[in-house]
Amino acid sequence: MSELDYAPFMREAIALAERGRWKTCPNPTVGAVLVRDGHVAARGWHHAAGEDHAEVACIKDARAHGVDPADCTLVVTLEPCCHQGKTPPCTAAVREAGIKKLVVGLADPNPVACGGACQLREAGLEVVEGVCAQECRDLVADFLVWQTQNRPYVILKMAATLDGRIATRKGQSQWISSEPSRQEVQRLRAGIGLCGGAVLIGGGTFRADDPRLTVHEAGATAPQPLACVLTSRLPQPDADFHLLRHRPEQTIFMASPAAAASTTAKALREMGVRVLALGPRARGGGPDFVGLLQLLWQELHCPYVLCEGGGKLALSLLEAGMVDDFRLHLAPIILGDADAHPLFSGRAPLSLDEALRLRVSRTDICGGDVHIRLHPLDTLLA
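Keep in mind that this is a model prediction, so the values were computed, not measured. Every chain is numbered on its own, with residues counted from 1 as its sequence reads. Side-chain atom pairs in this predicted model are given and counted only at pLDDT of 80 or more, local residue features only at pLDDT of at least 70, and totals for whole chains, interfaces and linings cover all residues. Derived side-chain values reflect all non-hydrogen atoms in the structure, with water molecules and hydrogen atoms excluded from consideration.

A. Geometry of the environment of Ala320. Assignment of secondary structure puts Ala320 in the loop between α13 (311–319) and β13 (325–331). The buried label goes to any residue with under 20% of its type's maximum accessible area, the exposed label to any with over 50%, and the partly exposed label to all in between, with areas taken from a 1.4 Å probe on protein chains only. Take Ala320: its relative accessible area is 39%, and that puts it in the partly exposed class. C-alpha of Ala320 to C-alpha of Gln174: the two residues are 146 residues apart in sequence and 29 Å apart in space. Elements are defined by DSSP. Helices are runs of H or I of four residues or more, strands are runs of E of two residues or more, and each kind is numbered from the N terminus.

B. Main features of the domain arrangement of the protein. Domain boundaries in the protein define domain 1 (3–135) and domain 2 (150–376). A domain assignment, automatic or from a database, supplies the domain bounds used here. With centres defined by C-alpha atoms, the gap from domain 1 to domain 2 works out at 35 Å. We call two residues contacting when some pair of their heavy atoms lies within 4.5 Å. Listed by partner, the interface residues are four residues for domain 1 and nine residues for domain 2. Summed over both sides, the interface of domain 1 with domain 2 buries roughly 580 Å², with 71% coming from carbon and sulfur. Polar contacts, as used here, are pairs of N or O atoms within 3.5 Å; protein pairs need one atom able to donate a hydrogen and one able to accept it. Residues neighboring in sequence count only if both atoms are side-chain atoms. Scanning the region where domain 1 abuts domain 2 turns up zero residue pairs in polar contact (both at pLDDT 80 or more). Of the residues contributing to the side of domain 1 that touches domain 2, the split by class is two nonpolar, one polar and one charged. Two parts lose some accessible area (1.4 Å probe) when they are put together, and adding that loss for both gives the buried area. Classification convention: Asp, Glu, Lys, Arg as charged; Ala, Val, Leu, Ile, Met, Phe, Trp, Tyr, Cys, Pro as nonpolar; all other residues, Gly among them, as polar.

C. Spatial organisation of the sheet that holds strand β10 (residues 251–255). Taken in spatial order, the nine strands line up as β11-β10-β9-β8-β12-β6-β13-β16-β15 in an open sheet, and their pairing is mixed. In the strand order of this sheet, the two ends are held by β11 (274–277) and β15 (358–366), each with one partner. Across the sheet, the axes of successive neighbouring strands diverge by a mean angle of 25°, strand direction being ignored. The convention used is that axes are lines fitted to C-alpha atoms, helices contributing only their stretch in contact, and that angles between N-to-C directions extend from 0 to 180 degrees. The strands that helix α6 (residues 141–149) touches are β6 (153–161) and β12 (304–307); relative to β6, the one it contacts most, it runs at about 140°. On the sheet, helix α7 (residues 179–194) packs against β6, β8 (198–202), β12, β13, β15 and β16 (369–376) and is oriented at approximately 150° with respect to β12. DSSP bridges decide pairing: two strands pair if at least two such bridges lie between them.

D. How the structure looks around the packing of aromatic side chains. Two rings belonging to Phe, Tyr or Trp (six-membered ring only in the last case) form a pair when the distance between their centres is within 6.5 Å. Interplanar angles under 30 degrees mark stacking, angles over 60 mark edge-to-face geometry, and anything in between is tilted. The full count for this structure, using the stated rule, is six aromatic pairs. Measuring from centroid to centroid gives 5.4 Å for Phe206 and Phe253, while their planes differ by 85°, and the two rings are edge-to-face. Here Phe253 lies in strand β10 and Phe206 lies in helix α8 (residues 203–209), a separation of 47 residues in the sequence. Just as Phe206 is buried, Phe253 falls in that class too. Members of the aromatic cluster, joined through ring pairs, are Trp22, Trp146, Tyr153 and Tyr304.

E. Representation of the pattern of salt bridges within the structure. Only one rule defines a salt bridge in this text: a Lys or Arg side-chain nitrogen within 4 Å of an Asp or Glu carboxyl oxygen. The tally for this structure, following the rule as stated, stands at 19 salt bridges. In this structure, Glu319 and Arg347 form a salt bridge, with 2.9 Å as the shortest nitrogen-oxygen distance. Residue Glu319 is found in helix α13, and its partner Arg347 is found in the loop between β14 (341–342) and β15; the two are separated by 28 residues along the sequence. Residues Asp325 and Arg327 are paired through a salt bridge, measuring 3.1 Å at the closest nitrogen-oxygen approach. Arg327 shares its class with Asp325; the two are buried. Residues joined in a network through salt bridges with shared partners are Glu18, Arg21 and Asp142.

Shown next, in the form of structure tokens:
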């Protein structure tokens with residue numbers, strides 16, 4: 001079989017890997033299938049951190065169904081690890097199963113775990129690499145950021161009309177997107193909360209919308225995402241905001257050093273709110289997103305940041321190159337009002353060469369809305 005022949009099987013492995021999304025953190029999401037006579041004979045994926053890796057789960061699934069792995073080709077989204085961690089090395093399991101051919105989507109970026117494909121090739125296996133490599137890379141984009149940049153993976157989520165408006169001229173935005181789209185956002189928040197991540201908004205959104213930033217249908221014991229507010233103006237402790245009244249221990253304000261040292265900040269901290277100081281503004285006058293993400297990573301061990309702020313904060317993040325994953329929900333409605341709030345505004349490029357450019361990685365239909373998923377251009381494999 002050629003590399004193209006293995007692409008459908010790799011895409012099934014990718015779909016399996018997504019079943020472990022959030023639960024595998026801080027490990028990557030990985031899926032695997034065993035192929036025999038042109039058909040999938042067994043399936044496996046990494047269910048959760050500390051549990052069997054995808055290759056081992058797939059081999060166990062094969063044996064549970066009376067399939068000999070030695071008669072199959074193993075197709076896996078990420079090369080098998082070759083080190084002893086919480087689980088034994090997958091390369092040993094592959095060799096012990098008698099598998100003779102391995103198809104890999106992406107090399108492991110972890111310097112401790114990489115090299116498995118090379119080891120298996122040296123052990124006599126036929127190894128094919130790079131099948132659906134871009135899709136496999138996008139699958140573990142979060143893990144790549146953790147491994148190479150030591151900061152949270154940043155997801156930007158926005159909803160807009162077909163003419164690129166996020167609210168009417170009076171600020172009404174409920175609801176541009178459909179109910180199924182909003183449920184998808186709830187699932188996204190739930191995943192962020194499960195991993196100990198945060199939802200980020202700006203001070204303007206905090207003051208105007210008084211948001212909850214919670215998973216509405218979560219059970220009493222389900223972890224909620226942290227609420228992170230980037231603001232130049234701290235609220236008074238007795239102000240009537242939901243986050244202060246009901247979620248002080250889960251709320252973080254990112255403010256200037258002067259604001260973080262103020263008596264207001266002291267009073268907020270006494271309520272259980274965390275107030276963290278950001279350094280000087282970045283070059284160009286934008287917020288210090290590098291410092292913000294480092295604080296969340298180092299102080300709160302936060303693996304994900306979901307930005308649900310307005311167009312100003314979103315544009316600042318994009319200009320700073322800090323958006324790893326942009327999820328745009330386009331509703332099939334048109335306002336046709338030049339004074340309605342746009343997705344982005346504030347730049348004045350004189351040439352298209354100055355435009356911010358992204359890469360579309362996926363499109364879906366959800367409740368009549370079009371969901372477009374985008375990534376930075378520099379994550380495009382050659």
